[in-house]
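Structural overview
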2 protein chains.
Amino acid sequence: MRFLRFLSLSCFIILHFFSYAKAQTLSWQQVEPGIWKAEAGEPEEYDLLTASGAEPRLAALAAMGEADFPLPKQDIKVRIIDGETYLRFPLQRGEQIYGFGLNFKTVHQRGRILRLHVDHYGGEDNGRTHVPTPFCISSNGYGVFINSARYITVYAGTAVRKDSEHPPVVRDRNTDSDWTSRPYSDVVEVLVPAEGAEIYVFGGPTPLDAVRRYNLFNGGGPLPPRWGLGFTQRVHRLFTADDVRKEANEFEKRGYPLDFIGLEPGWQSKSYPGTFEWDQGRFPHPKEFTQEMLDRGIRLNLWINPYVSPDASFAEEIEPYTGSHTVWAGMVPDFRMEQSRDIFFSQLEEDQVDIGVSGYKIDEVDGYDHWLWPDVATFPSGLTGEQMRQTYGLLVQRYSEDMFEERNRRTFGLVRASNGGGTSFPYVIYNDYYNHRNFITALINSSFAGVLWTPEVRASDTGEEWLRRVQSVVFSPMAMINAWSSGTKPWSFPEVADEVREMFLLRMRMMPYWYSEYAKYHFKGIPPFRAMNLEEGFSSNLKMEQAETSLEENPYAEAVRQEITDQYMAGQYLLVAPMFEGQESREVVLPEGRWYDFYTGDYVGGGEVITVSPGLDKIPVYVKDGGIIPMMPAMMHAPELGQTVDIEVRHYGQREGSYRLYDDDGTTYDYEDGEYQFRELTVIKTRDGKLKGSISPPEPGKPNTVGEVTWKFMSQGVE
Amino acid sequence: MRFLRFLSLSCFIILHFFSYAKAQTLSWQQVEPGIWKAEAGEPEEYDLLTASGAEPRLAALAAMGEADFPLPKQDIKVRIIDGETYLRFPLQRGEQIYGFGLNFKTVHQRGRILRLHVDHYGGEDNGRTHVPTPFCISSNGYGVFINSARYITVYAGTAVRKDSEHPPVVRDRNTDSDWTSRPYSDVVEVLVPAEGAEIYVFGGPTPLDAVRRYNLFNGGGPLPPRWGLGFTQRVHRLFTADDVRKEANEFEKRGYPLDFIGLEPGWQSKSYPGTFEWDQGRFPHPKEFTQEMLDRGIRLNLWINPYVSPDASFAEEIEPYTGSHTVWAGMVPDFRMEQSRDIFFSQLEEDQVDIGVSGYKIDEVDGYDHWLWPDVATFPSGLTGEQMRQTYGLLVQRYSEDMFEERNRRTFGLVRASNGGGTSFPYVIYNDYYNHRNFITALINSSFAGVLWTPEVRASDTGEEWLRRVQSVVFSPMAMINAWSSGTKPWSFPEVADEVREMFLLRMRMMPYWYSEYAKYHFKGIPPFRAMNLEEGFSSNLKMEQAETSLEENPYAEAVRQEITDQYMAGQYLLVAPMFEGQESREVVLPEGRWYDFYTGDYVGGGEVITVSPGLDKIPVYVKDGGIIPMMPAMMHAPELGQTVDIEVRHYGQREGSYRLYDDDGTTYDYEDGEYQFRELTVIKTRDGKLKGSISPPEPGKPNTVGEVTWKFMSQGVE
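Residues numbered from 1 in each chain as written. Chains lettered and ligands numbered in written order. Predicted model: local features only at pLDDT ≥ 70, side-chain atom pairs only at ≥ 80, totals over all residues. Heavy atoms only, no water.

**Focus on the overall build of chain A**
Counting its regular elements, chain A contains 13 helices and 40 strands. Over its C-alpha atoms chain A spans a radius of gyration of 26 Å, differing by no more than 12% from the 27 Å that the globule rule assigns to 719 residues. Dimensions of chain A, computed from C-alpha atoms along their principal axes, come out at roughly 75 × 65 × 60 Å. Buried residues in chain A amount to 65% of all 719 residues. In chain A, of all internal contacts separated by at least 6 residues, the share reaching a separation of at least 24 is 74%. Total accessible area on chain A stands at roughly 24600 Å², and carbon and sulfur atoms take up 47% of it. Averaging the positions of the 71 positive and the 103 negative side-chain charges in chain A gives two centres separated by 3 Å. (Helix = DSSP H or I, 4+ residues; strand = E, 2+ residues; numbered from the N terminus. Rg over C-alpha atoms; globule rule 2.2 N^0.38 Å. Buried < 20%, exposed > 50% of the residue type's maximum accessible area, 1.4 Å probe, protein only. Contact = heavy atoms within 4.5 Å. Areas by Shrake-Rupley, 256 points an atom, 1.4 Å probe, with all protein chains shown as cover. Lys, Arg positive; Asp, Glu negative; His and termini not counted. Charge placed at Lys NZ, Arg CZ, Asp CG, Glu CD.)

Quick look at the structure:
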C-alpha cells in the first residue's frame, strides 16, 4: 500500500514534469456574485490573500448582485512554461487599462510595461512602487487580479503576437511618415514567475463596480476612528516629551486643530535598528505622558521600522524567527511565524499599546534594495526573499491591527508598503518622494490599488508652496504635516498661516462627510478618494502627441503621452483640482452634468474644460448637481465617544438629492456587529420650486451622535 | 527492466524534488590552467557559452601558466531554493569589484545591485545594458563568470548576512553621527533564476591576468581586417548610390581618410521591418556599385535589424522558424534553429556578401522592452523569451561572422547587444545614448565585459564638442561618424575641420600600433582599450563623500560616490584622458613610473595627479617610460592585401623597451593557421647612453608588409 502511494506520487510528479509548456484551459468558478476565479497551473500555497488574510464582505457583494462574465473566455489564455505562468487577456480597440499599483506619473496603463515589485518609488512608473497591486481595471468595466506574491511582469497592450487577430499595419519606415515605433497591440500579457497563480475576474458593468467588487472581496476599506480624520502633526525626530507638550500647547494657543501627534525615531532608545522601547531620557514617563495627551484629546502615533536591534530586550528570543539577512544591522522578524509575531508584538502591546498609544507609522517595509534584505534572503518559515518583499507590508499591517482589534480600539496609522489583499487595513501609504503633482497622481491611482495615500506636507521653499500642499493634503485620506526632519509647524510660513489654519478648520468641518465616505469605502467598497476615470460622464482618452524633436534626439520618433493626472473625486460629490506652486490658473475637466463651486454654490459648467484662477487661499473644489455635504462646527479635536455634534447640511445645484450620513461610536469595532446606522439626508423640491431638506429618524438602539441639523442651499437663487 | 528504469527515474525526480533548499558543496575542476569550473545545481543545457560557441585559445592559456585558486573555497556557497540558484562569494576589506557588464556611469561595482538584462541603456547602471556580462573582476586579482542565459541579480557587497563573520558596527541613528544607511557587507550574493548554473573562476595574480584568462577562454578578442581600423562614415539613412558616390568623392577631394561607408536603413527596399534586399530605386545596381567602391578602396557596411518584413522574399519560408511575437510587425528569426539561419543568412549571402559587402551593423537586438519580444514570447527551438533576449546579440554575431569566415574574408561590424562568451566576435558595440563622458566610462568598462565599444560621433551643438568627440573616437576601437539622421560630415564644423582631419590622419598613422594591439587582444586576451584599474601602479579607491544636503532632501544621509571614470589605457603604452566640451583643463591620474607627452615626448610626471590644459586641438595622451609606438604614413585607406608600408618607430622616455609588431595579410583568416608573425622592436641604451632601435628579422615564409623602418626618440635630450 505504501509502495502504491509512492508510485502514485511518482507518477504525479512525472506527469507534472512532462506537462511542461502545455496550454491549459482555464476553468472559471464564480466565487461571489460577479467575481470569478480560475487556477492557472498549480497556484502556490502562499499568495497575497494568504498573507493579508482578507475576508470578503459577503453581504455587500451579494447586494451588488450578479454580473456577466466580462471577457470572451476563450481569449483568456494560460500556459505553464519552464516553471513560469504565461497569461494572456484580450484588449478591445479604444479600451483603456488603469491600475497595476500605486503609480505616480501615469494613470493610463495601456501601452506600458511593469514589473510589479514592492519598492520605494524611484521616479519612474515601472512597477516598482510601495503598492504594486497586481490588479487592473478596464474602461470596459471589469477588473483582473492576479493573486501571486511574486514579481509579476505585465505587458499591458505592448507586445504584438504573430497570431494576433488584430495585427498592426506593416509600414515602411523609409518612406511612410505614419510609421510608429509602438505598433498596435490587442493583448495584455503577464508573466508570473511561479508554476501557477489564482486569477480573479471582477465584473462591472462600470469600472467603479469592478473596483468595488475588488475592494469588498478584500474586506472593504478600513473605517478609521473619527480622530483619524482630524489633523496630525509628526514632530521632529528627537523631540522630548516636553517638546511635544509645548508643541501641543502651541497648537491650542494658536487655534489649530490637532487630533494625533506622531513621534519619530527618537521616541525609541535606539533606532535603525530599533529597540521598540521608550527612550528614558527623552520620554522618562511614557505611561503618564500618553495619558496626559489623551486627556487633552491628542493621541500618539509611533514611528517604527520592524528591524530589531541586538540591544532590544527580546533580541535573543526572536533571533531564531528572523531572516538570514539584517537591515541596517537589525534582524528581520519573519512575521509569517507565530513565534516571531508573539515576541515582537508583545513588546509593542506591553510597552505602548496598553498605555494608550493609538497607532504606528511603519516605515521602510518597502525597500529600497540597498537596505532591505536581498532576494537571496531566506526566512525560517520557508518564504523566499521575493515572497517576503511582496508581502511584508501586508503582514505588518495585518498583525499590528490585530493588537488594536483585540482591544476593540480602532487604529489609523501609516505604512510604506502594501499589496493586493490589503484593502481593509487601517493604514495610509506615504513615502519619501516629494513631488506635489506626482503626489496627486498617486492619490488618483490609490483608488485602483486598494489603498489610501497621503500627499503629506513636510517642508516647502515658499509660503505659496506650503499652502498649496496643505490644501491638497486637507482633501486627502490623512491630513498630515510630517516635520520629522524639518521641524516645520502649520504656521511656519507666517504669510499664509491664517489660510493654512482655515484649511485645517475646513477639514474639521467636513468630518461628517469624510467619515460617511470612509463608511462607504468599508461597507460598499467605494474609494473615498478616487480617479476621475471611475466617474460616470468623465471622458479622458490617452492622447499621444508626436514630438517635434529630431531623430537625432528621438531616434524612434516616440510620441509623448498626454493624460489628465491632476484632478480627482473626493467622496460622492466633490471634484478636487489642486493648484500647484507657481500656478495662477489651471484647467479643470468637468464630467457631464452640472457642476457648482464648493465655496460659493455658483454654477461653473458641465461636460467641458474650464479654466479657473481661484487665488492663493482656495483649492478648486466643485460639487455635482444635487450634491449634499454634511458638515459640523470647526472643533479643535474630533468628537469623542458619545459626543453629540450639530450638523449643517449643504446642498448644491438645482436637483433633488440624497446622502447617507454614517454614524457609530467613532472609536470601537462594534460597527462590525451592527452597531451603526446610516441616516438619510434628502432634499426635495416643493411645489413652489423651493428646495427642502429632511433627515430620516434615528434607528432606535443604534449609536446616534447627530445633534441639531440645519440646511444650507448653496445655489439657492444662484444661476 | 523497463519498470526498474521507470522507478529509478522516479526516485531521481523525487530525490531531486526533496533536495529543495539544500546547501551544496561545490566541486571545482580546473578546466584550463588558472581556470576552474563548478556546477551549481543542475546547469541548463542552453547558456551563454552554448549560444556563443566560444572555443578557448588553449595554447595561449597554457602559455599563461598555472595560478592558485584565488578564493577560500569554503566561503563560496551555493544553495538551490525553489528552483533558483543562490550563490555567495566572500569579499575582503578594501577589495574592489569591477565589471558586470557595460556600465556607463560607474567603474567600481562594490556596493551596487544589478539585474543583468540585455537592454538599451536607460541612463542608470542597474544591469540593463547592451552587454550585461555576468563576469566580475576583483582588485585582488581574480574573476568570476556565471555562465547563465538568465536575468541574474547581483548584490555586489550590499547585503548583510546575519551569520557574517565581519558584521557591520551597530549604531544608533538617533545619536551617532557615524550611522550609515549602507552598512559594511562582506559578500557578493547572486541569484540565478534557474535550477543551476556553471560557475567559472579565473585566476590572477593580477586583475589583468584574470581578464586575459576570461578573454582567451572565450576565444580571444577579434582580429579586425586592417581596413576596420581606418575611418568609417555612416551616411544619411536615405542616401542613394549616387549620394554615396558624391560623399566618397568629397572625402577624397578634401583629403580625409575613408575605409568603409555604412549604409543605413534606406539601402533596403523596406525597413522596420526589413526585406533584406536592395532598394531598386536608391541602389539600382548594387553589384556594380559595391565593386566600384571596393575598387576605390572603400568597403560597404550595411545596417540591418533582424526582423523580417512580410514583404521579404523569404518571409513565408522562415515563418515556422520565428518567435511567437513580432518586432515592429517583423518576424523574429529563431537563430537557435538551423533552418532559420539557413533561410535568413542565405538571403544576405546571395544578395550582399557575395557581391562584396564587407559587414553589417546589427541594430536593435538589445531592446528596449517596448519594441522587443516580451519575456512571454516563445520560440520554436524551445528557448524562452528571456533566454533569447540574453543571447540574441551573441547569436547574430556568431552566425553572421560565419558568412565571412566561410569565405575567408574578415569582417568588422557593429552590433547593439552582446553578452558573456562573445569576446571573439568582430563586432563593436554602440548605442543611441549620446553622453560623451558616459561614452568614455563605457569604453573603460568594455574591457571588463569582453567587448569593444565605440563612442561614435553623430552630431554636436558646437565645433568644440564636435572636435572633442572626434578626438575620443580616434582613440577607440572604431573611428566612426554616424550621420544616419544628421547627415553630418567630418568637416561639418568648418572652424575645426582641419583639426578633425589631423585627428583622422593620426588614426591612420597609428594603424601599425592599433593593429598590433588588436593582435594582442586576439592572441593574448589583452583588451586594446581598457580600464586604468587593470594597469599596474594605478591606485583608484572608490571614495564616498558625505553629502551636505539636509535629511529633508536626503533622508538616509546617503554618501556620494567619487571615482575616476574618464581616462583609460589605449594599447600597451598609451594613457588617454579625453577632454569634454566646455572643459579647458582637466586632472589626469598618472600611475607609478614616469610618463611622457605623446606629442612632444616631454616628461609630465608619475604616480601623481597632474592638471593639463592641452588646447582645443589636442586630446591628452601620455606614454609610459620606454614606450614604443610604431606608426606609418598617413594614408587615405588602410594598406591593401600585400601592400608594403614604411614604419616610423617612436620611442618615449629614457628606459630601454621593446614592442611586438604584428604582421599578417590583413584581410583573411589565414592567421588562424599560423600565417602571421610578430616582429620584435627593441630599444637599448648603448655604452655612451644613447638610445638605439632595432627590428628582428622577418620570419621566412610569413606575411611581411614592413617596408623601411625609421626610429624617432621622442624624449631624446628632453628631461
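Once the structure has been displayed, the description carries forward.
**A closer look at the interface of chain A and chain B**
In this assembly, 84 residues from chain A lie in contact with 84 residues from chain B. Buried area between chain A and chain B, summed over both chains or domains, comes out near 7200 Å², and the portion from carbon and sulfur atoms is 57%. Looking at the side of chain A facing chain B, the largest losses of area belong to K162, N174 and E552 of chain A, adding up to 11% of the total buried there. At the boundary of chain A and chain B, one finds six salt bridges. On the surface where chain A and chain B come into contact, there are 46 residue pairs in polar contact (both at pLDDT 80 or more). (Buried area = accessible area lost by both parts, 1.4 Å probe. Salt bridge = Lys/Arg side-chain N within 4 Å of Asp/Glu carboxyl O. Polar contact = N/O pair within 3.5 Å; in protein donor to acceptor, adjacent residues only side chain to side chain.)

**Observations regarding the relation of the copies chain A and chain B**
Mapping chain A onto chain B calls for a screw motion: a turn of 180° about the axis and a shift of 0.0 Å along it, with 0.0 Å RMSD after fitting. In the structure described here, the two chain copies are related by an operation that fits a two-fold rotation axis. An overlap of 100% is found between the interface residues of chain A and their copies at the interface of chain B, pointing to a shared contact surface. (Least-squares fit on C-alpha atoms with pLDDT ≥ 70 in both.)

**Description of the confidence of the model for chain A**
All names here are of chain A. Overall, the prediction assigns chain A a mean pLDDT of 95, with 96% of residues at 70 or greater. Segment residues 1-20: pLDDT under 50, and 23 contacts once partners within four positions in sequence are set aside and those in other chains are kept. Model confidence for the complex: the whole-complex pTM is 0.95, and ipTM, which rates the interface, is 0.93. (pLDDT = per-residue confidence, 0-100.)

**Description of the packing of aromatic side chains**
What the rule picks out here adds up to 134 aromatic pairs over all chains. Through pairs of rings, three or more aromatic residues link up here, namely F276, Y307, F314, F335, F344, F345, W373, F379 and Y392 of chain A. Between the NZ or CZ atom of R594 of chain A and the centre of the ring of Y603 of chain A, over which it lies, the distance is 4.2 Å. When the ring centre of Y659 of chain B is taken as origin, the NZ or CZ atom of K520 of chain B, which lies over that ring, is 3.6 Å away. (Phe/Tyr/Trp six-rings, centres within 6.5 Å; stacked < 30°, edge-to-face > 60°. Lys NZ or Arg CZ within 6 Å of the ring centre and 35° of its normal.)

**As for the pairing of strand β37 (residues 657-664) of chain B**
All names here are of chain B. Counting buried residues in β37 gives six out of eight residues, a clear majority hidden from the surface. Two strands pair when backbone bridges link them, and β37 and strand β38 (residues 676-685) are joined in this way by eight bridges, in the antiparallel orientation. Across the sheet, the residue bridging to S658 is T682, located in β38. (Pairing = 2+ DSSP bridges.)

**Comments concerning the environment of E592 of chain A**
With respect to the helices, strands and loops of the structure, E592 of chain A is situated in the loop between β30 (586-590) and β31 (595-597). With a relative accessible area of 56%, E592 of chain A lands in the exposed category.

**With respect to the pairing of strand β15 (residues 231-234) of chain A**
All names here are of chain A. Alternating positions in β15 separate into two faces, F231 and Q233 on one and T232 and R234 on the other, with burial throughout. Here β15 runs beside strand β24 (residues 479-482); their pairing, made up of four bridges, is parallel. Bridged to Q233 within β24 is I481. With three bridges joining them, β15 and strand β16 (residues 260-263) adopt parallel strand pairing. The residue bridging R234 from the neighbouring strand is G262, located in β16.

**Quick look at a negative patch on the surface**
Residues E42 and E195 of chain A together with E42 and E195 of chain B make up a contiguous surface patch of negative charge. If you trace the backbone, E195 of chain B turns up in the loop between β13 (187-192) and β14 (196-202). (Patch = residues over 30% accessible without salt bridge, like charges linked within 9 Å, V, L, I, M, F, W, Y side chains within 5 Å.)

**Things to note about the sheet that holds β31 of chain A**
All names here are of chain A. Taken together, the six strands give an open sheet; going across it, the order is β25-β28-β29-β34-β31-β32, and neighbouring strands pair in antiparallel fashion. Here the strands that pair on one side only, and so sit at the sheet edges, are β25 (529-531) and β32 (603-605). Looking at each pair of strands side by side, their axes are set apart by 40° on average, direction ignored. Relative to strand β29 (residues 574-576), strand β28 (residues 568-570) runs antiparallel, the two being bridged by three bridges. Across the sheet, residue Y568 finds its bridge partner in β29, namely V576. (Axes fitted to C-alpha atoms, helices over the stretch in contact; angles between N-to-C directions.)

**Focus on the packing of helix α5 (residues 241-254) of chain A against helix α6 (residues 286-295) of chain A**
Residues and elements named next belong to chain A. Closest axis-to-axis distance for the α5/α6 pair is 11 Å, and the angle between their directions is 5°. Comparing the axis directions of α5 and α6 gives the class roughly parallel. Along the contact surface, α5 presents A241, V244, R245 and A248, while α6 presents F289, E292 and M293. Taken together, the residues of the contact of α5 with α6 break down into five nonpolar, no polar and two charged. (Parallel < 35°, antiparallel > 145°, perpendicular 65-115°, else oblique. Nonpolar A, V, L, I, M, F, W, Y, C, P; charged D, E, K, R; others polar.)

**Description of the sheet that holds β13 of chain B**
Two orientations exist for strands paired in a sheet by backbone hydrogen bonds: parallel and antiparallel. Residues and elements named next belong to chain B. If you trace the seven strands from one edge of the open sheet to the other, you get β1-β4-β5-β13-β11-β7-β8, paired in mixed fashion. The open sheet terminates on both sides in strands that have one partner only, identified here as β1 (23-24) and β8 (128-129). Sheet topology places strand β11 (residues 152-156) next to β13; four bridges connect them, and they run antiparallel. When the bridges of β13 are listed, A156 appears paired with V188. The sheet contacts of helix α9 (residues 385-406) involve β7 (112-118) and β8, and relative to β7 the element is tilted by about 85°.

**Observations concerning the pattern of salt bridges**
Using the criterion set out here, one finds 92 salt bridges over all chains in the structure. Among the ionic pairs, E535 of chain B bridges to K624 of chain B, the shortest N-O distance being 2.5 Å. One end of the pair, E535 of chain B, is in the loop between β25 (529-531) and β26 (543-545); the other, K624 of chain B, is in strand β34 (residues 621-624), with 89 residues separating them in the sequence. Residue K624 of chain B is classed as partly exposed on the basis of its relative accessible area, which comes to 24%. The shortest N-O distance in the salt bridge between R650 of chain B and E648 of chain B comes to 3.5 Å. Look at R650 of chain B and you get buried, because its relative accessible area is 11%. Taken together, the salt bridges that share partners define one network made up of E44, R150 and E386 of chain A together with D82 of chain B.

**Remarks on the packing of helix α8 (residues 338-351) of chain B against α9 of chain B**
The geometry of a pair of packed helices is captured by two quantities: the angle between their axes and the separation between those axes. All names here are of chain B. In contact at an axis separation of 10 Å, α8 and α9 are set at 55° when each is read in the N-to-C sense. On the basis of their axis angle, the class for α8 and α9 is oblique. For the pair α8 and α9, the sense of crossing is right-handed. Across the interface between the two elements, R341, F345, L348 and E349 from α8 touch Y399, S400, M403 and E406 from α9. The residue makeup of the contact of α8 with α9, split by class, is four nonpolar, one polar and three charged. (Left-handed = near helix turned anticlockwise from the far one by under 90°.)

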